[in-house]
Amino acid sequence: MNNFINIFINKLNSKIIILFFILVTIFSLISVLHALRIANTGALGGGIDFQFSPSVLFVDKINPYEYFLDGNKDDKIMYAQWPSYAHLTYILLSPFTFLDWENARFLWSIINLSLAIFCLVFLSKQKKLSSSKTFLACLLFLCSSPFRNCIGTGNQTFLILFLFLSFFIDNHKIKNFCLGISFIKYTFSPVLVFFIYFKNDFKGLLFSSLSCVFGWFIFSLYLDQNIFETLLQPLKVAFVGFHQDSARSDIYTIIGYFNHFSEFIYFNFVRIFLVIIFSIIIARDILKIKGNFNNLNLILISSLFLFPHLMYDFIVLLPAFVYSLSKLKFSLAKFSILIILYFWIGIRLKDYILYFIQNKNLILSPISTISQSQVIINFLVLLILYYLNKKLVLLK
């Protein structure tokens with residue numbers, strides 16, 4: 001009798017697992033199609049973050065930073081395509097300007113989707129995940145809100161994640177040069193910059209800086225402008241365009257909650273200075289951990305709790321998810337996965353539930369509201385995730 005019950009339970013469990021995979025597969029396909037639909041539909045805000053219009057201005061010999069700071073008077077900068085990225089960005093994206101807007105954003109959405117799948121497969125192979133675990137990681141990643149958000153808005157974060165895979169290049173000079181291209185999105189840069197410096201000294205930092213310095217020079221020369229005038233223009237745009245209420249989980253935003261200091265003219269620079277100090281401490285801490293995968297993973301996690309990031313940037317938790325799956329036999333890894341799923345699915349699920357309670361119906365993309373307490377909680381949860389992934393390194 002007991003043997004019969006055990007067989008029945010095993011068969012039932014197998015059917016539940018198969019049903020789970022079928023349902024998640026369906027949801028992931030819907031998620032991908034929905035993301036591509038958003039990315040290529042203007043009414044849904046498709047491609048609002050893709051740096052296309054600033055690239056068009058650059059190719060037309062108009063400084064996109066100055067144009068934005070002057071008030072974007074003729075609305076040549078579309079949607080939320082504020083030029084807050086490093087100068088090199090507009091050189092890299094200039095080939096897209098040979099296409100019209102609709103074709104450019106379609107091509108960019110396909111490139112983003114390709115980068116997403118490549119990064120997932122590459123990371124899974126690095127940790128030697130089984131086919132079933134790789135498939136599970138793929139399904140859950142494709143179902144996640146950050147994935148849909150990044151594809152739909154056309155943000156550049158998939159490119160940044162792809163560039164971070166340069167950690168696995170053996171040649172240190174080439175590795176640092178390629179990692180340096182990721183500096184175009186400088187909210188991911190501070191910890192990486194100091195990590196490279198502490199690990200490879202000034203020579204490593206020099207090689208990592210070459211690409212963005214080269215981009216800055218070419219940008220300035222092409223526009224026939226003084227290099228010292230253009231140097232800090234991306235930061236000036238960031239200060240103007242950044243909306244603190246949109247950030248999710250970082251110490252920079254939390255420091256900004258101290259309103260009685262906000263009237264101080266150099267308050268933002270003080271915040272940056274403090275976060276840089278924290279970045280130095282974190283970089284030294286990560287330096288103690290061996291392994292390219294571990295370094296990559298911890299730098300990306302720490303970047304999320306140091307500088308402001310929106311929902312789409314949480315795709316960079318993919319290495320942590322893959323790493324946790326590779327150590328699934330440990331309870332710390334299971335806890336780590338739950339935290340990542342909170343950021344990938346849980347936060348957005350909360351938005352759906354609240355919208356349904358308030359409006360008694362469901363829509364595909366309810367507006368996400370973020371309170372100060374949520375930002376602080378998310379910050380603390382990311383700190384826990386960082387600690388868990390450090391501890392997992394010691395578990396064999």
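No experiment lies behind these values; they were computed from the predicted model shown.

*Asks:* Sorry if this is basic, but what is going on with the packing of helix H6 (residues 131-143) against helix H16 (residues 318-326) here?
*Replies:* Packed helix pairs are specified by the crossing angle of their axes together with the interaxial distance, meaning the distance between the axes. Where H6 contacts H16, the two axes come as close as 11 Å, and the packing angle between them is 145°. Crossing of H6 over H16 shows right-handed handedness. Taking contact as the criterion, the partners of Lys133, Ala137, Leu140 and Phe141 in H6 are, on H16, Leu318, Phe321 and Leu325. For the contact of H6 with H16, the per-class residue count stands at six nonpolar, no polar and one charged.

*Asks:* Just to check I follow, could you spell out the environment of Phe52 for this structure?
*Replies:* The topology assignment puts Phe52 in helix H2 (residues 52-59). Residue classification places Phe52 among the buried positions, given a relative accessible area of 7%. Measuring from C-alpha to C-alpha, the distance between Phe52 and Asn226 comes to 24 Å, with 174 residues separating the pair along the chain. What Phe52 contacts, discounting residues up to four positions off in sequence, is Met78, Gln81, Phe96, Thr97, Leu99, Asp100, Trp101 and Ala104.

*Asks:* Can you help me understand the nonpolar core in this one?
*Replies:* Within soluble globular proteins, side chains that are nonpolar generally end up buried alongside one another. Grouped together as the largest cluster of nonpolar side chains are 94 residues, with contacts concentrated most on Phe141, Phe147, Phe158, Phe164, Leu317 and Leu318. Beyond its immediate stretch of four places on either side in the chain, Phe164 contacts Leu179, Ser182, Phe188, Leu192, Leu296, Ile299 and Leu300. Counting residues in each nonpolar core, the second largest holds 11 residues, with Tyr65, Tyr67, Tyr90 and Phe219 among its members.

*Asks:* So what exactly am I meant to see when it comes to the packing of helix H5 (residues 101-126) against helix H8 (residues 157-164) here?
*Replies:* Close contact between H5 and H8 brings their axes to 9 Å; oriented N to C, the two are set at 35°. Seen from above, H5 lies across H8 with left-handed handedness. For the pair H5 and H8, contact is made by Asn112, Leu115, Ala116, Phe118 and Cys119 and by Phe158, Leu159, Leu161 and Phe162, respectively.

*Asks:* Any chance you could explain unusual backbone geometry here in plain terms?
*Replies:* Negative phi characterises most residues that are not glycine, and trans characterises most peptide bonds. Phi angles above zero are rare outside glycine, and Asp75 is one such case at about 55°. Note on placement: Asp75 falls in the loop between helix H3 (64-69) and helix H4 (88-92). Of note in the backbone geometry, Tyr79 takes a positive phi value of approximately 50° without being a glycine.

*Asks:* Can you help me understand the side chain of Thr157 in this one?
*Replies:* Along the chain, Thr157 falls in helix H8. The class of Thr157 is buried, set by a relative accessible area of 0%. Polar contacts involving the side chain of Thr157 include one to the side chain of Asn155, which spans 2.7 Å. Dropping the residues within four chain positions of it, Thr157 is found in contact with Cys150, Lys185, Phe188, Tyr312, Asp313, Ile315 and Val316.

Cut-offs and rules
Residues numbered from 1 in each chain as written. Predicted model: local features only at pLDDT ≥ 70, side-chain atom pairs only at ≥ 80, totals over all residues. Heavy atoms only, no water. Axes fitted to C-alpha atoms, helices over the stretch in contact; angles between N-to-C directions. Helix = DSSP H or I, 4+ residues; strand = E, 2+ residues; numbered from the N terminus. Left-handed = near helix turned anticlockwise from the far one by under 90°. Contact = heavy atoms within 4.5 Å. Nonpolar A, V, L, I, M, F, W, Y, C, P; charged D, E, K, R; others polar. Buried < 20%, exposed > 50% of the residue type's maximum accessible area, 1.4 Å probe, protein only. Core = buried A, V, L, I, M, F, W, Y, C linked by side-chain atoms within 4.5 Å. Polar contact = N/O pair within 3.5 Å; in protein donor to acceptor, adjacent residues only side chain to side chain.

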